[in-house]
Amino acid sequence: MAVTIEELYRNYGILADAKPEDLSQHKDAYQVILDGVKGGPKEKRLAAQFIPKFFSSFPELADAAINAQLDLCEDEDVSIRRQAIKELPRFAAGENIVRVADILTQLLQTEDSAEFNQVNTALVSIFKMDAKATLGGLFSQILQGEDIVRERAIKFLSIKLKTMPEDAMTKEVEDYIFTETKKVLEDVTGEEFVLLMRILMVLKGLQTMSGRQQLVELVVEQAFLEQALNPADPDTVDRLLQCTRQALPLFSKNVHSTRFVTYFCDHVLPNLSSLTSPVAELDIQLEVLKLLAEMSPFCGDMEKVETNLTMLFEKLLEFMPLPPEAEGENGENTLSDEPKLQFSYVECLLFSFHQLGKKLPDFLIDKINAERLKDFKIRLQYFARGLQVYIRQLRVALQGKTGDALKTEENKIKVVALKITNNINVLIKDLFHNPPSYKSTVTLSWKPVQKAEAVALKRPSGEDMGAGSTMKKQLSPPLPRRDARQIYNPPSGKYSATIGNFSNGEGGLGFRGTGWKTDVAQTYVFFLILSDILSLLHK
């Protein structure tokens, strides 16, 4: 026979009126309350409140009480479930905490948003009581639970861990998180890997130099750097990119990127054109070159500096064409077969070459024969001439624009384009030194700036426009802020699609030599630029 509301209240009264030392004598009264979970909705709601209130007084009924509350957590009535979940932390004492955490973790699979929030609140509550025991329940489900539970438990930790009070995050707790996370990392998806690294990066013990080095070692294991790269396998390529993205924030002058840079030079650059991406709209070649550029300043001593520089040099030549030789009958340049000047690619490769070149300053003198060096400088000079025209026109377009005017999508892209071309200009100037210099410092164009500044841009004078020269006292316009992930996942063709349609058809910023294309709104710009280019080529 089902328990009634009256019976629940009567037995609750017996327990409430009893002295603490006499409570254990009223086991029958508590059993009636446990039986309330078999009643109707009203009886179940009361049972959900009464069971935890006297739970600690009847240790011999602990399992029965937890099971009764768990039945209520799985009830068809969502209001009963919420009430039961809300009270679950009251069962979290001693050895029961792991079990309660395990139950709450399983309940994360609910599709009801209010119930899901209730589960999150309950988990945070017991975490503050006993962090390690709560983590035991969470990691148990991450390692052995269903996919949906595993996914949501990992997300819970990645979001909530950084908000936990400092006194809960002891060294013992952090060590436990690190140990258990390493177990999870033995078999993870790309998304899980990112979230797990986010979890580890908030641990205070891993924010030291030695801690960051441990994390790099962990990422190296995941990246399979001891294996050759299969460029035709998008999952393999994606795994490498994901691992590199996670390692990037860890690199510093003391925590080196050497193994990643070496792997990119040995296995990625030789296969650059055949890389396949699981993301259709991603310019995979540009993405790889950006990652390499960002890592290169933190590269330590390398066993094969000359070999790696040679690979970068060869790849740079592919994107820095020779000037066109063909001329028409009247002596004018033929514009039909102009080579591509791919600014975004060249910025990355030049920057990487410039960084590694510091380790072998005589590379262009002693390791490259005179003919090849002459060929390289011709390419640099041709590229630099195109740069000067483009820089000048961008400066004219941005001249006098400040504040909100620089925040329009068109002007944001022009600002980034100007940054790219200025960076290349500075690096080319260094390489034109005799001997080549590696002293200049530039900030990669896609890296965000900390503070936007109003910029007054002026048209450069003729003295500042020589091949390979830089602008004097030049003010760099502000770059648009970008999401952290966008640094590693740039939209393909962003520049070429928007800046006057100077497109190379492959994503990134580029134009076809002196064969410029332009939109209708800037037709007058076309004739000015074309005139400048032809005059430069005939000098």
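Residues numbered from 1 in each chain as written. Predicted model: local features only at pLDDT ≥ 70, side-chain atom pairs only at ≥ 80, totals over all residues. Heavy atoms only, no water.

1. Brief notes about the packing of aromatic side chains
Inspection of the entire model under this criterion finds 14 aromatic pairs. With a centroid separation of 4.3 Å and 20° between ring planes, the pair formed by Tyr12 and Phe50 is classed as stacked. Of the two residues, Tyr12 sits in helix H1 (residues 5-17) while Phe50 sits in helix H3 (residues 41-53), which places them 38 residues apart along the sequence. Exposure remark for Tyr12: the relative accessible area of 22% places this residue in the partly exposed category. The class for Phe50 is buried, based on a relative accessible area of 7%. With a centroid separation of 6.3 Å and an interplanar angle of 80°, the aromatic rings of Phe139 and Tyr176 are classed as edge-to-face. Of this pair, Phe139 sits in helix H8 (residues 131-144) while Tyr176 sits in helix H10 (residues 171-184), placing them 37 residues apart in sequence. Judged by its relative accessible area of 2%, Phe139 falls in the buried class. Among the aromatic side chains, those forming a connected cluster through ring pairs are Tyr9, Tyr12, Phe50 and Phe54. (Phe/Tyr/Trp six-rings, centres within 6.5 Å; stacked < 30°, edge-to-face > 60°. Helix = DSSP H or I, 4+ residues; strand = E, 2+ residues; numbered from the N terminus. Buried < 20%, exposed > 50% of the residue type's maximum accessible area, 1.4 Å probe, protein only.)

2. Observations regarding the packing of helix H7 (residues 113-129) against helix H9 (residues 147-160)
The contact between H7 and H9 brings their axes to 12 Å, and the two run at 60°. When the interaxial angle is binned, H7 and H9 end up oblique. Helix-helix and strand crossings are classified by hand; for H7 and H9 the assignment is right-handed. Together, Phe116, Asn120, Leu123 and Val124 of H7 and Arg152, Phe156 and Lys160 of H9 make up the contact between the two elements. (Axes fitted to C-alpha atoms, helices over the stretch in contact; angles between N-to-C directions. Parallel < 35°, antiparallel > 145°, perpendicular 65-115°, else oblique. Left-handed = near helix turned anticlockwise from the far one by under 90°. Contact = heavy atoms within 4.5 Å.)

3. Some words on the nonpolar core
Judged by nonpolar contacts, the single largest core of 156 residues is most densely connected at Tyr30, Ile51, Leu104 and Ile177. Once residues lying within four places of it in the same chain are set aside, the contact partners of Tyr30 are Leu15, Phe50, Ile51, Phe54, Phe55, Phe58, Leu61 and Ala65. (Core = buried A, V, L, I, M, F, W, Y, C linked by side-chain atoms within 4.5 Å.)

4. Brief notes about the pattern of salt bridges
The final tally for this structure, using the stated rule, is 23 salt bridges. For Asp175, the salt bridge identified is with Lys171, shortest N-O distance 2.8 Å. With Asp175 and Lys171 both in helix H10 and four residues apart, the pair spans about one turn of that helix. For Lys171, a relative accessible area of 63% puts it in the exposed group. (Salt bridge = Lys/Arg side-chain N within 4 Å of Asp/Glu carboxyl O.)

5. Points about helix H2 (residues 27-35)
Every buried residue belonging to H2 is among Ala29, Tyr30, Ile33 and Leu34, and all of these are buried. Looking straight down H2, one finds that the buried residues subtend no more than 145° of arc, so they occupy a single side. If you follow the buried residues of H2, they end up packed against H1, H3 and helix H4 (62-73). (Arc of directions from axis to C-beta.)

6. Points about the confidence of the model for the chain
The predicted coordinates of low-pLDDT regions are not to be read in fine detail. Of all residues in the chain, 80% attain a pLDDT of 70 or more, and the chain-wide mean is 82. Highest mean pLDDT in the chain belongs to helix H14 (residues 258-268) (97); lowest belongs to helix H21 (residues 494-498) (32). Predicted confidence for residues 509-539 stays below pLDDT 50, and this span has 73 contacts to residues more than four positions away or in other chains. (pLDDT = per-residue confidence, 0-100.)

7. Points about the packing of H10 against helix H11 (residues 190-201)
Here H10 crosses H11 at 165°, and the two axes come no closer than 11 Å. In terms of orientation, H10 and H11 fall into the roughly antiparallel class. For the element pair H10 and H11, the recorded crossing hand is left-handed. Of the residues in H11, those in contact with Ile177, Phe178, Thr181 and Val184 of H10 are Leu196, Ile199 and Leu200. Counted by class, the contact of H10 with H11 contains six nonpolar, one polar and no charged residues. (Nonpolar A, V, L, I, M, F, W, Y, C, P; charged D, E, K, R; others polar.)

8. Here we look at the environment of Pro165
Summarising the element assignment, Pro165 is placed in the loop between H9 and H10. Measuring from C-alpha to C-alpha, the distance between Pro165 and Lys128 comes to 7.6 Å, with 37 residues separating the pair along the chain.

9. Remarks on the side chain of Arg150
Relative to the elements of secondary structure, Arg150 occurs in helix H9. Separated by 2.8 Å, the side chain of Arg150 and the backbone oxygen of Ile142 make a polar contact. Setting aside chain neighbours within four positions, we find Arg150 in contact with Gln141, Ile142, Leu143, Val184, Asp187, Val188 and Glu192. (Polar contact = N/O pair within 3.5 Å; in protein donor to acceptor, adjacent residues only side chain to side chain.)

10. Brief notes about unusual backbone geometry
Leave glycine aside and you will find that most residues have negative phi; peptide bonds, for their part, are mostly trans. The peptide bond linking Asn434 to Pro435 adopts the cis configuration, its omega dihedral lying at 0°. Its place among the elements puts Pro435 in the loop between helix H20 (409-432) and H21. Of note in this structure, Phe224 is not a glycine but carries a positive phi near 55°. Relative to the helices and strands, Phe224 resides in the loop between helix H12 (209-223) and helix H13 (234-247).

11. With respect to H8
Taking 1.5 Å per residue, 14 residues should reach 20 Å; H8 reaches 20 Å between its end C-alpha atoms and fits that length. Among the 14 residues of H8, 10 are classified as buried, and the element is accordingly described as predominantly covered. Structurally, H8 contributes buried residues whose contacts are with helix H6 (96-106), H7, H9 and H10. A side-chain oxygen of the first residue of H8 lies 3.4 Å from the backbone nitrogen of Lys132; this N-cap is Asp130. (Expected span 1.5 Å × (residues − 1).)

12. Points about the state of the cysteines
Counting across every chain of the model gives zero disulfides. Cysteine Cys265 is unpaired, with the sulfur of Cys299 as its nearest cysteine sulfur at 7.8 Å. Residue Cys265 is classed as buried on the basis of its relative accessible area of 3%. (Disulfide = S-S within 2.5 Å.)

13. Topic: the side chain of Gln222
Along the polypeptide, Gln222 turns up in helix H12. Within polar-contact distance, the side chain of Gln222 engages the backbone oxygen of Leu185 at 2.8 Å. With residues up to four places along the chain from it excluded, the contact list for Gln222 reads Leu185, Val188, Phe193, Arg239 and Cys243.

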